[in-house]
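# Examination of the molecular architecture
If you want the building blocks of each chain, they are given just below.
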Amino acid sequence: MQISSRFSIAIHMIAAMEHFKTAYKVTSEFLAGSVGVNPVIIRKITSQLRDAGIVNVARGTGGAMLAKEPEEITLLNVFEAVESLENRKLFSFHENPNPECPVGRNIHRILDDKMERVQSAMEKELSQITIADVLRDTEKYTSEDHREKAKK
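What comes next is a walk through the structure.

So, on to the overall build of the protein chain. The helix and strand inventory of the protein chain stands at six helices and two strands. For 152 residues, the compact-globule formula gives about 15 Å, and the C-alpha radius of gyration of the protein chain, at 20 Å, lies well above that figure. Counting only residues that meet the buried cut, the protein chain has 32% of its 152 residues in that class. A sequence separation of at least 24 residues applies to 64% of the contacts in the protein chain between residues at least 6 apart. Treating the 21 positive side-chain charges of the protein chain as one cloud and the 22 negative ones as another, the clouds have centres 3 Å apart.

Take a look at the structure:
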């Protein structure tokens, strides 16, 4: 099982929106260049983030920006905006375990509570990290890049 790249793309987009907001018009084409994906993917994720109240998008070539303060947006907010979980469950089960098999017959009772605990732990961690945390690291690492380039 793997979470789709939409989540990391969305975080990348949000970080770029904030990092470049005063220097550039942050359009889907601009974000696509930063992320390295087709602008159609950026527009789809931007729509999901907009629908979740995380970003605002100006029509035409107006660009995108955060709709809330970075401290108010958690990674869980972003995850829930862009990942479509069936029945809000991170883990899904194979559909036809053998009812004649003692393991197959009991697999849900064996795993359901464990998988719920794992999902709860992940959601708790994501809820404690904000976009402000991501932006602090963005500034830290981009500043280090500038210092390295200046040394050369």
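For the rest of this paragraph, the subject is the packing of helix H1 (residues 6–19) against helix H4 (residues 75–82). Where H1 meets H4, the closest approach of the two axes is 9 Å, and the angle between their N-to-C directions is 125°. The orientation of H1 with respect to H4, classified from their angle, is oblique. Once H1 is placed against H4, the crossing between them reads as right-handed. Where H1 approaches H4, its residues Arg 6, Phe 7, Ala 10, Ile 11 and Ile 14 are matched on the opposing element by Leu 75, Val 78, Phe 79 and Val 82.

With that settled, the discussion passes to helix H5 (residues 102–127). Its 26 residues give H5 an end-to-end C-alpha distance of 38 Å, which sits within 8% of 38 Å, the value for a rise of 1.5 Å per residue. Bending of H5 peaks at approximately 35° at the position of Leu 111. Taken together, the buried positions of H5 are Gly 104, Asn 106, Ile 107, Gln 119 and Leu 126. Contacts made by the buried residues of H5 are with H1 and H4.

Counted under the stated rule, the structure contains four aromatic pairs. Here the aromatic rings of Phe 20 and Phe 30 are separated by 5.2 Å at their centres, their planes lie at 75°, and the arrangement is edge-to-face. Here Phe 20 is found in the loop between H1 and helix H2 (28–35), whereas its partner Phe 30 is found in helix H2, with ten residues between them in sequence. Under the relative-accessibility criterion, Phe 30 is labelled partly exposed at 22%. An aromatic cluster is built from Phe 20, Tyr 24 and Phe 30, whose rings are joined through pairwise contacts.

Put simply, H1 and helix H3 (residues 39–51) touch, their axes get as near as 10 Å, and they point 80° apart. Between H1 and H3, the angle is such that the two are roughly perpendicular. Contact residues: H1 offers Arg 6, Ile 9, Ala 10, Met 13 and Ile 14, while H3 offers Ile 41, Ile 42, Ile 45, Thr 46, Gln 48 and Leu 49. Residues of the contact of H1 with H3, tallied by class, amount to eight nonpolar, two polar and one charged.

Residues Phe 7, Met 13, Leu 49, Ile 54, Val 78 and Ile 131 are the most contacted members of the largest nonpolar core, which totals 32 residues. The set of elements that each furnish at least two residues to this core consists of H1, H2, H3, strand S2 (63–66), H4 and helix H6 (131–151). In this view, Ile 131 contacts Ile 14, Leu 66, Pro 70, Ile 73, Leu 75 and Val 78; residues no more than four positions away in its chain are not counted.

Okay, the side chain of Thr 130 next. The topology assignment puts Thr 130 in the loop between H5 and H6. Non-local contacts of Thr 130, meaning those with residues more than four positions away in its chain, are made with Pro 70, Glu 71, Ile 73 and Thr 74.

Here is what the cut-offs are and how they apply
- Residues numbered from 1 in each chain as written.
- Predicted model: local features only at pLDDT ≥ 70, side-chain atom pairs only at ≥ 80, totals over all residues.
- Heavy atoms only, no water.
- Helix = DSSP H or I, 4+ residues; strand = E, 2+ residues; numbered from the N terminus.
- Rg over C-alpha atoms; globule rule 2.2 N^0.38 Å.
- Buried < 20%, exposed > 50% of the residue type's maximum accessible area, 1.4 Å probe, protein only.
- Contact = heavy atoms within 4.5 Å.
- Lys, Arg positive; Asp, Glu negative; His and termini not counted.
- Charge placed at Lys NZ, Arg CZ, Asp CG, Glu CD.
- Axes fitted to C-alpha atoms, helices over the stretch in contact; angles between N-to-C directions.
- Parallel < 35°, antiparallel > 145°, perpendicular 65-115°, else oblique.
- Left-handed = near helix turned anticlockwise from the far one by under 90°.
- Expected span 1.5 Å × (residues − 1).
- Bend = angle between axes of the 7 residues up to and from the residue.
- Phe/Tyr/Trp six-rings, centres within 6.5 Å; stacked < 30°, edge-to-face > 60°.
- Nonpolar A, V, L, I, M, F, W, Y, C, P; charged D, E, K, R; others polar.
- Core = buried A, V, L, I, M, F, W, Y, C linked by side-chain atoms within 4.5 Å.

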